[in-house]
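# Coordinates in review
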Amino acid sequence: GQYFKDISQGPVFSSDLSYYFNKRHGVALKYSEFYTAGSAEYPLPDILSNIRIKFIGASYKARIMADNNRLETGFGVGFGYMSYRDRGWIESVPGTIKGSSLGNVLEAGLDYRIIKGLSAGLNLSLYTGTLSRIDRNGVTTNLEGENIESLSRVEGTIGLSYSF
């Protein structure tokens with residue numbers, strides 16, 4: 001329903017610190033923080049969610065420069081730590097649900113050099129991870145089978161990058 005549509009989109013902050021060994025290959029530290037919120041008023045349970053999902057990890061990066069040295073296509077694959085927090089309420093009982101998981105990221109991007117050292121770019125990332133255990137108000141619950149929660153998402157970003 002509408003609740004699931006609402007929590008599937010929201011703002012994101014993303015930052016990478018990359019080091020290239022040569023013109024094509026490098027490594028990066030990646031940080032991403034996704035926010036979303038939603039509510040639903042079913043007969044039962046009523047739900048209000050304020051969700052934050054973070055990813056921090058390391059990745060391998062590869063890039064290909066166009067002949068004019070202004071256009072760069074980049075790809076990355078990485079792994080790291082994902083954390084989940086939902087502050088809200090279920091059936092009028094307030095609480096915070098927390099969990100964490102190992103996560104993966106695949107990404108592809110396109111950067112255009114505006115001036116030396118400054119580029120504008122588009123990036124598409126796929127994050128994957130699952131929660132098999134959560135903590136709600138100090139009570140830990142193991143999730144099994146179809147109750148395992150996915151932290152997977154597709155993230156599109158537009159931004160500036162600085163290189164030196």
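Structure report, in brief.

### Considerations on a nonpolar patch on the surface
Together, Tyr-60, Val-77, Leu-106, Leu-124, Leu-126 and Val-154 make up a nonpolar patch on the protein surface, roughly 550 Å² of accessible area in all. Tracing the sequence through the fold places Val-77 in strand E4 (residues 71–90). On the basis of relative accessible area, Val-77 is assigned to the partly exposed category, the value being 42%.

### As for the pairing of E4
Relative to E4, strand E3 (residues 46–65) is paired through 17 bridges, and the arrangement is antiparallel. Note that in E4 the partner of Lys-61 across the bridge is Gly-76. Two successive antiparallel strands, E3 and E4, enclose a turn made up of five residues, where Asn-69 displays a positive phi of approximately 60 degrees. Note: E4 against strand E5 (residues 93–115), 20 bridges, orientation antiparallel. When the bridges of E5 are listed, Tyr-81 appears paired with Leu-102. Counted between consecutive antiparallel strands, the loop separating E4 from E5 contains two residues, among which Glu-91 sits at a positive phi close to 50 degrees.

Parameters at a glance
Residues numbered from 1 in each chain as written. Predicted model: local features only at pLDDT ≥ 70, side-chain atom pairs only at ≥ 80, totals over all residues. Heavy atoms only, no water. Patch = residues over 30% accessible without salt bridge, like charges linked within 9 Å, V, L, I, M, F, W, Y side chains within 5 Å. Areas by Shrake-Rupley, 256 points an atom, 1.4 Å probe, with all protein chains shown as cover. Salt bridge = Lys/Arg side-chain N within 4 Å of Asp/Glu carboxyl O. Helix = DSSP H or I, 4+ residues; strand = E, 2+ residues; numbered from the N terminus. Buried < 20%, exposed > 50% of the residue type's maximum accessible area, 1.4 Å probe, protein only. Pairing = 2+ DSSP bridges.

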